[in-house]
Amino acid sequence: MTNIVLFGKPGAGKGTQAEFLKEKYKLTHISTGDVFRFNLKNDTELGKQARVFMDAGDLVPDELTTKMLIDEVNKHPNTNGILFDGYPRTLSQSVALDEFLTSINSKVAATIALEADDEILIQRLLERGKTSGRIDDQDEEKIRNRYQEYNEKTAPLMDYYKAQGKFFPVNGIGSIAEITDRVSAVIDNL
Ligand code: AMP
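Predicted, not measured: the structure shown is a model, and the values here were computed from it.

**What about the UniProt feature "binding site: ATP" (unreviewed entry) in the protein?**
- Per the UniProt record, the feature "binding site: ATP" (unreviewed entry) sits at G11, A12, G13, K14, G15, T16, R128 and G174.
- Summarising the element assignment, G11 is placed in the loop between β1 (3–7) and α1 (14–25).
- Given a relative accessible area of 15%, G11 falls into the buried group.
- Setting aside chain neighbours within four positions, we find G11 in contact with L121, R124 and L125.
- Secondary-structure assignment places A12 in the loop between β1 and α1.
- Take A12: its relative accessible area is 4%, and that puts it in the buried class.
- The contacts of A12, once residues within four sequence positions are left out, are L114, L121 and R124.

This is the structure in structure tokens:
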């Protein structure tokens, strides 16, 4: 299994790139944000528990998120690899992911970070909010809260993966195809 973590701030283009990369490398794309939104829409027990955090732009608690993630991965026992989009987002999630992957004789092959300036991304999210219907994309204060969550809880993961030689930053500004090429160059070199 070639497991790739797509890393980046909200609006950096993880979801967009994942759509291309999953086809190109025949990977299973798991977006924790999408799984949560599906549960919200269908008003499941998980959705009910996650809603208050998501609507505020806060991270959903680790235990709930990791359980959901493991359930998702286990739905694809014969996959070529997983493209993780939006997970892990805390150090405890990274450790949980490593432990889980080790337990199925696998590992994270690379963490690829899409890098872009905050102000560009915030404008992108506000634009997306006009059509996406996402409450967390429509209010600048909630968006800024998601960036604060990222800076406090997610940014430290860069050091975690750097220490393992698995961190690959990529310039996230450019056309979709240009960025796919940059990410592909990293994957092709693994
Ligand atoms: P996203 O679509 O990745 O921006 O995620 C939308 C929201 O889902 C986030 O703001 C969090 O509330 C929640 N979420 C998604 N992934 C995670 C995660 N790995 N840990 C905690 N919360 C998450």
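**Quick look at the site of the ligand**
- Around the ligand, a shell composed of 16 residues is seen, among which T32, D58, G86, R89 and Q93 lie nearest.
- Here a nitrogen atom of the ligand sits 2.8 Å away from a polar atom, N or O, in the main chain of G86.
- Within the side chain of R134, a nitrogen or oxygen atom sits 3.4 Å from an oxygen atom of the ligand.
- Protein coverage of the free-state accessible area of the ligand, which is 470 Å², stands at 96%.
- For the shell around the ligand, the per-class residue count stands at five nonpolar, five polar and six charged.

Rules behind the numbers
Residues numbered from 1 in each chain as written. Predicted model: local features only at pLDDT ≥ 70, side-chain atom pairs only at ≥ 80, totals over all residues. Heavy atoms only, no water. UniProt positions renumbered as here; feature names shortened; annotations may be inferred. Helix = DSSP H or I, 4+ residues; strand = E, 2+ residues; numbered from the N terminus. Buried < 20%, exposed > 50% of the residue type's maximum accessible area, 1.4 Å probe, protein only. Contact = heavy atoms within 4.5 Å. Near = heavy atom within 4 Å. Polar contact = N/O pair within 3.5 Å; in protein donor to acceptor, adjacent residues only side chain to side chain. Areas by Shrake-Rupley, 256 points an atom, 1.4 Å probe, with all protein chains shown as cover. Nonpolar A, V, L, I, M, F, W, Y, C, P; charged D, E, K, R; others polar.

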